[in-house]
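Notes for the structure review
The lines below spell out each chain.
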Amino acid sequence: MKWVGHIQTRNRGTVGGSLAFADPAAELPACVVALDGEIEIVGPQGQLTVKADDFFKRLFETALTPRDVLTAVRVPAAGTDTRVGFAELARRHGDYAMVGLAACARADGKRLSNLRLVYFGVGATPVRARRAEPALADGDVEAAVKALADDLEPTDDVQASGAVKAHLAGVLLRRVAQQLARAPS
């Protein structure tokens, strides 16, 4: 949570509000997707549970309809074999990230399983790097970085050019790979 906005934002905002707003540069949507979370919605049609992978539809659009309310967010409990990683690059701490990466995996000896790499700030929604995941799971960080070219298509914005964002995505993947390799303390 220390990466989310400034202290004033963290003291007034909510997790559900961040998810419902669905800003593609926000940290929490990517984190919930990386953690393989579920989002509970209640509306005129009753209660519905949506996988985080399916919740974010388009730029600032989610599975919520105008008459729905987000009522719960669930993520699987972490075990002793759970590894998480997070990194972002922003102009100043608390600003929206130019590029960010949230990751979660299970340690299986020297290999990672159930690896989920989710970028933010590089697309209209949180973006899973599905082609990079198997390479990183096998411990080949450079192959995972190369696979990002097939996973991500960042566009230019006021923060950075698409080319700069693509480069930064690789930098972050190398950093997060080191975090995932370490046992929790």
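Now for a look at the structure at hand. (Residues numbered from 1 in each chain as written. Predicted model: local features only at pLDDT ≥ 70, side-chain atom pairs only at ≥ 80, totals over all residues. Heavy atoms only, no water.)

Here the focus is the packing of helix H6 (residues 141-151) against helix H7 (residues 162-181). Two elements in contact, H6 and H7, have axes whose closest approach is 9 Å; the angle formed by their N-to-C orientations is 150°. Like other packed secondary-structure pairs, H6 and H7 cross with a definite hand, here right-handed. Together, Val141, Glu142, Ala144, Val145 and Leu148 of H6 and Ala169, Gly170, Leu173, Arg174 and Ala177 of H7 make up the contact between the two elements. In the contact of H6 with H7, the residues fall into seven nonpolar, one polar and two charged. (Axes fitted to C-alpha atoms, helices over the stretch in contact; angles between N-to-C directions. Helix = DSSP H or I, 4+ residues; strand = E, 2+ residues; numbered from the N terminus. Left-handed = near helix turned anticlockwise from the far one by under 90°. Contact = heavy atoms within 4.5 Å. Nonpolar A, V, L, I, M, F, W, Y, C, P; charged D, E, K, R; others polar.)

A word on unusual backbone geometry. At Asp36, a position not held by glycine, the phi torsion is positive, near 60°. Note on Asp36: relative accessible area 29%, which makes it partly exposed. In this model, Asn114 sits at a positive phi of 50°, which is unusual for a non-glycine residue. Turning to its location among the elements, Asn114 is positioned in strand E8 (residues 111-120). (Buried < 20%, exposed > 50% of the residue type's maximum accessible area, 1.4 Å probe, protein only.)

A word on the pattern of salt bridges. What the rule picks out here adds up to 12 salt bridges. In this structure, Arg74 engages Glu40 in a salt bridge whose closest nitrogen and oxygen atoms are separated by 2.8 Å. Taken together, the residues Arg74 in strand E5 (residues 69-74) and Glu40 in strand E1 (residues 38-43) connect sequence positions 34 residues apart. Overall, the relative accessible area of 40% leaves Arg74 in the partly exposed class. For Glu40, a relative accessible area of 10% translates into the label buried. Members of the salt-bridge network, linked through shared partners, are Asp36, Lys51, Asp53, Arg116, Arg128 and Glu133. (Salt bridge = Lys/Arg side-chain N within 4 Å of Asp/Glu carboxyl O.)

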